[in-house]
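# Observations on chain architecture
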Amino acid sequence: MCEPIAVPERVPDGQLTYISETEAHRLGYGSRSTLHRWAQEGSVRSINLGNGTMLAEEDIKLKLAERKVLNVASAYEVLAHRVAQLAPVFSAEQKKQLVELLSA
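Because the structure is predicted, anything quoted here is derived from the model rather than measured.

Next up on the list: the overall build of the protein. Scanning the protein for helices and strands turns up four helices and four strands. Along the protein, helices (α) and strands (β) appear in the sequence β-β-α-α-β-β-α-α when read from the amino end. Counting every position in the protein, which comprises 104 residues, the buried fraction comes to 25%. Excluding contacts between residues fewer than 6 apart, the proportion of contacts in the protein whose partners are at least 24 apart in sequence is 42%. Per element, the accessible surface of the protein, about 7,600 Å² overall, is 57% carbon and sulfur.

What follows concerns the pattern of salt bridges. Evaluation of the coordinates by the stated rule reveals three salt bridges. One salt bridge in this structure joins D59 and R45, with 2.8 Å as the shortest N-O distance. Of this pair, D59 sits in helix 3 (residues 57–85) while R45 sits in the loop between helix 2 (32–41) and strand 3 (46–49), and the two are 14 residues apart along the sequence.

I19, A24, Y29, L35, W38, A39, V44, L55 and I60 together form the largest nonpolar core, which totals nine residues. For this core, the element with the most residues is helix 2, which contributes three residues.

Let us now look at helix 2. Since the α-helix packs 3.6 residues into each turn, any two residues three or four apart lie on the same face. Burial in helix 2 covers these residues: T34, L35, W38 and A39. The buried residues of helix 2 occupy one face: seen down the axis, they fall within an arc of 140°. In helix 2, the exposed positions angled more than 90 degrees off the buried face are occupied by S33 and Q40. After helix 2 finishes, the residue G42 shows a positive phi value of roughly 85°.

Relative to the elements of secondary structure, K63 occurs in helix 3. We classify K63 as buried; its relative accessible area is 16%. A C-alpha to C-alpha distance of 7.6 Å links K63 and S43, two positions 20 residues apart in sequence.

With respect to the element layout, Y29 can be found in the loop between helix 1 (21–26) and helix 2. For the pair formed by Y29 and K61, sequence separation is 32 residues and the distance between their alpha carbons is 7.7 Å. Look past the residues within four positions of Y29 in its chain and what remains in contact with it is I19, A24, L35, W38, E57, I60, K61 and L64. Within the structure, Y29 has its side chain in polar contact with the side chain of E57 (distance 2.9 Å).

Definitions and limits used
- Residues numbered from 1 in each chain as written.
- Predicted model: local features only at pLDDT ≥ 70, side-chain atom pairs only at ≥ 80, totals over all residues.
- Heavy atoms only, no water.
- Helix = DSSP H or I, 4+ residues; strand = E, 2+ residues; numbered from the N terminus.
- Buried < 20%, exposed > 50% of the residue type's maximum accessible area, 1.4 Å probe, protein only.
- Contact = heavy atoms within 4.5 Å.
- Areas by Shrake-Rupley, 256 points an atom, 1.4 Å probe, with all protein chains shown as cover.
- Salt bridge = Lys/Arg side-chain N within 4 Å of Asp/Glu carboxyl O.
- Core = buried A, V, L, I, M, F, W, Y, C linked by side-chain atoms within 4.5 Å.
- Arc of directions from axis to C-beta.
- Polar contact = N/O pair within 3.5 Å; in protein donor to acceptor, adjacent residues only side chain to side chain.

As structure tokens, this is what we get:
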């Protein structure tokens, strides 16, 4: 019988560094299920090694940067609604316009 091959934590590949899903999770890049999904959908380059998947660390960092941009946009919208709620002297239409202005 063949013994399982141990998956290293980091594997350099030319300019890219591949890290295991476990290491990526440990570094705070996301949950294992999210990292695995990114690899499956192809948004993060990956290498399947029998008993583990290695992910391109650069791709993970780029994916996280994209998510932060999206999260900032949604944070502005939440903030706009809160500001509008704190302005009780405004009419409902004025509050709506304020939210649209602050969210743009």
